[in-house]
Amino acid sequence: MNKAWLRSIRTFTLGWFIGMVVWRIIRNAGLRTYLESLQIGASSINVLIFIAIVSILAGLIFGSIQYYNERFSKLKSSFRLQLFKALVIHLIVMLSLYLLLFLLIRIYEVRLVESFKNFILNPLALATLFYSFCINAIIIVVRHVNDLLGRGNLLKLITGRFYQPKEEYRAFMFLDLVSSTHIAEQLGHLNYSAFIQDCFHDLSAVERTLAQVYQYVGDEVVLTWKVSNSFNYEICLEAYFLFIDRLASRKDYYIQAYGIEPHFTAGLHCGPIIVTEVGSLKREIAYHGDTINVASRIRGKCRDLQCDLLISSDLKDHVNSNAFIIKSMDTITLRGKSVGTEIFSVQSKT
C-alpha cells in the first residue's frame with residue numbers, strides 16, 4: 001500500500017471531518033435539510049455518522065486527486081501556481097460531483113429540479129459548494145506549509161512537542177554536490193541557482209523511502225529518518241541510489257540545459273540525537289548532537305577516499321541486504337573526534 005497516498009487521504013479525511021463539524025455548529029439547519037431529504041432522522045448519532053461518511057468519501061476522492069496531481073506533476077512551479085492548479089482541479093471535480101448528484105435526483109425525482117443551473121444556484125447548494133471549496137483550499141495550504149517546514153514539523157510546532165529537548169534515534173544522510181565551486185564559476189550565479197534547484201527537485205525520487213528533508217545548505221541537503229525497532233536501514237542506502245538514478249535518467253536534460261551532469265556524494269550515520277524547537281524570530285525543529293556531526297564528517301571523507309557513498313559502522317551493522325557491495329575503508333579519526341570511527345564504502349549491485 002502506498003504510504004504517501006494513504007497520508008494524503010488521511011489528511012483530507014481529517015480536514016473534512018473538522019470542516020463538517022464546524023459546518024454542523026454554524027449551520028445546523030443545513031445538515032438537517034440534507035438528512036431529511038434522504039428521509040433520515042436528524043438525531044445527533046445520525047448527524048455524526050453522516051459527517052463521518054462524507055469525510056471518508058471526500059478524503060478518498062480529494063486526497064487521491066491531490067496525491068496524483070503532485071505525483072505526476074513533471075514541471076517545477078511556484079507555490080502560487082501549484083495552489084491555483086490544485087484548486088482549479090478540485091473545483092472541477094466538485095462541479096462534476098454536483099452534476100452527478102443532479103442526474104441521480106433527476107432519475108428518481110424529476111420534479112425536484114428542472115435544470116442543473118437551478119440546482120447549482122440554489123442558495124444551499126452554493127453555500128455548500130463554497131464551503132467545500134474553502135475546506136480543500138485550507139487543507140492544500142496546510143499541506144504545502146507542512147512541506148515547507150518539513151513533513152510533520154507543523155503539527156510538532158503547533159503542539160509544542162519539542163519545546164523541551166527530547167532524545168530520538170535517527171539516521172542522517174548528508175548529500176553534497178561534487179565540484180560545486182567549479183560548477184558555480186562555470187555557470188554563473190543565476191544559472192548555478194537554477195541548476196541546484198533542478199537537482200533538488202529531482203530529490204523527490206527518494207519520497208518512497210519516507211526520508212525527511214532536514215535542511216538545505218547551499219549545494220548540500222540533509223536527509224533524516226526516525227529509527228524504530230522495525231526500521232529498515234536499507235532504505236537509507238536505497239535513497240541515495242534512487243536519487244543518483246534519477247539524475248542519470250535526466251543526464252541529457254542537464255547537459256543540454258547546463259552543459260554539466262550533476263554528481264553527488266553522501267555520508268550516512270545513525271545514533272541518538274537531541275531534537276528541540278529553537279528560535280524566536282523564526283522557529284524551527286533543530287537536531288543537536290554527535291550523530292549529525294559524525295554524518296557530516298563522514299561525507300567530508302568521500303573525496304579523500306574517492307567514494308560516492310560512505311556509511312559508519314553503526315549503520316553498517318544494521319544492513320543485511322545482499323543488494324549492496326559494502327567494503328571497509330579502514331578506521332579513521334574524524335575531525336573533532338578522539339575515538340576512531342570505522343567507515344565503509346557502499347555500491348549497488350544493480
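Draft legend 1. Layout of the overall build of the protein chain. Counting secondary structure elements, the protein chain contains 14 helices and eight strands. Scored against the burial criterion, the 350 residues of the protein chain give a buried share of 42%. Within the protein chain, residue pairs in contact and separated by at least 24 positions form 69% of the contacts whose partners lie at least 6 positions apart. Roughly 20100 Å² of accessible area belongs to the protein chain as shown, and the carbon and sulfur atoms make up 59% of that amount.

Draft legend 2. Examining the side chain of Thr291 more closely. Within the secondary structure, Thr291 is located in helix 12 (residues 290-300). By relative accessible area, Thr291 is classed as buried at 5%. From its side chain, Thr291 meets the backbone oxygen of Pro272 in a polar contact 2.6 Å long.

Draft legend 3. Quick look at the packing of helix 9 (residues 189-201) against helix 11 (residues 251-258). Taken N-terminus to C-terminus, the directions of helix 9 and helix 11 make an angle of 170 degrees; their axes are 11 Å apart at the nearest point. Comparing their axes, helix 11 and helix 9 come out roughly antiparallel. Mapping the contact onto sequence places Asn191, Ala194, Phe195, Asp198 and Cys199 in helix 9 and Tyr253, Tyr254 and Tyr258 in helix 11. When grouped by side-chain class, the residues that make up the contact of helix 9 with helix 11 number six nonpolar, one polar and one charged.

Draft legend 4. Region of interest: helix 8 (residues 180-187). Within the span of helix 8, buried status applies to Ser180, Ile183 and Leu187. Within helix 8, the buried residues cover an arc of 60 degrees as seen down the axis, which keeps them to one side. Exposed residues pointing more than 90 degrees away from the buried face of helix 8 are listed as Thr181, His182 and Glu185. Its buried side turned inward, helix 8 meets strand 1 (166-177), helix 9 and helix 11. Phi for Gly188, located one or two positions after helix 8, is positive at around 90 degrees.

Draft legend 5. Local environment of the environment of Ala257. Within the secondary structure layout, Ala257 lies in helix 11. Note: C-alpha distance between Ala257 and Phe195 (62 residues apart in sequence) is 8.7 Å.

Draft legend 6. Region of the structure containing the packing of aromatic side chains. Following the criterion strictly, the structure yields 16 aromatic pairs and no others. A ring pair is formed by Phe195 and Tyr254, whose centres lie 5.8 Å apart and whose planes are at 80 degrees; its orientation type is edge-to-face. Taken together, the residues Phe195 in helix 9 and Tyr254 in helix 11 connect sequence positions 59 residues apart. Classification of Phe195 by relative accessible area gives buried; the value is 0%.

Draft legend 7. Seen up close, the state of the cysteines. Applying the stated criterion to the full structure yields zero disulfides. We note that Cys236 lacks a disulfide partner, and the nearest cysteine sulfur, in Cys270, lies 7.8 Å from it.

Draft legend 8. Representation of the nonpolar core within the structure. Formed by 43 residues in total, the largest nonpolar core has its most connected members in Leu175, Phe195 and Trp225. Take this core: its biggest share by element is nine residues, from helix 10 (residues 234-249). Ignoring anything within four residues of it in the chain, the contact list for Phe195 reads Leu177, Ile183, Leu187, Tyr254, Tyr258, Ile260 and Pro262. Ala86, Phe119, Ile120 and Tyr131 belong to the second largest nonpolar core, which has 26 residues in total.

Reading the values: the criteria
Residues numbered from 1 in each chain as written. Predicted model: local features only at pLDDT ≥ 70, side-chain atom pairs only at ≥ 80, totals over all residues. Heavy atoms only, no water. Helix = DSSP H or I, 4+ residues; strand = E, 2+ residues; numbered from the N terminus. Buried < 20%, exposed > 50% of the residue type's maximum accessible area, 1.4 Å probe, protein only. Contact = heavy atoms within 4.5 Å. Areas by Shrake-Rupley, 256 points an atom, 1.4 Å probe, with all protein chains shown as cover. Polar contact = N/O pair within 3.5 Å; in protein donor to acceptor, adjacent residues only side chain to side chain. Axes fitted to C-alpha atoms, helices over the stretch in contact; angles between N-to-C directions. Parallel < 35°, antiparallel > 145°, perpendicular 65-115°, else oblique. Nonpolar A, V, L, I, M, F, W, Y, C, P; charged D, E, K, R; others polar. Arc of directions from axis to C-beta. Phe/Tyr/Trp six-rings, centres within 6.5 Å; stacked < 30°, edge-to-face > 60°. Disulfide = S-S within 2.5 Å. Core = buried A, V, L, I, M, F, W, Y, C linked by side-chain atoms within 4.5 Å.

Remember, this is a structural readout, not a statement about activity or role.
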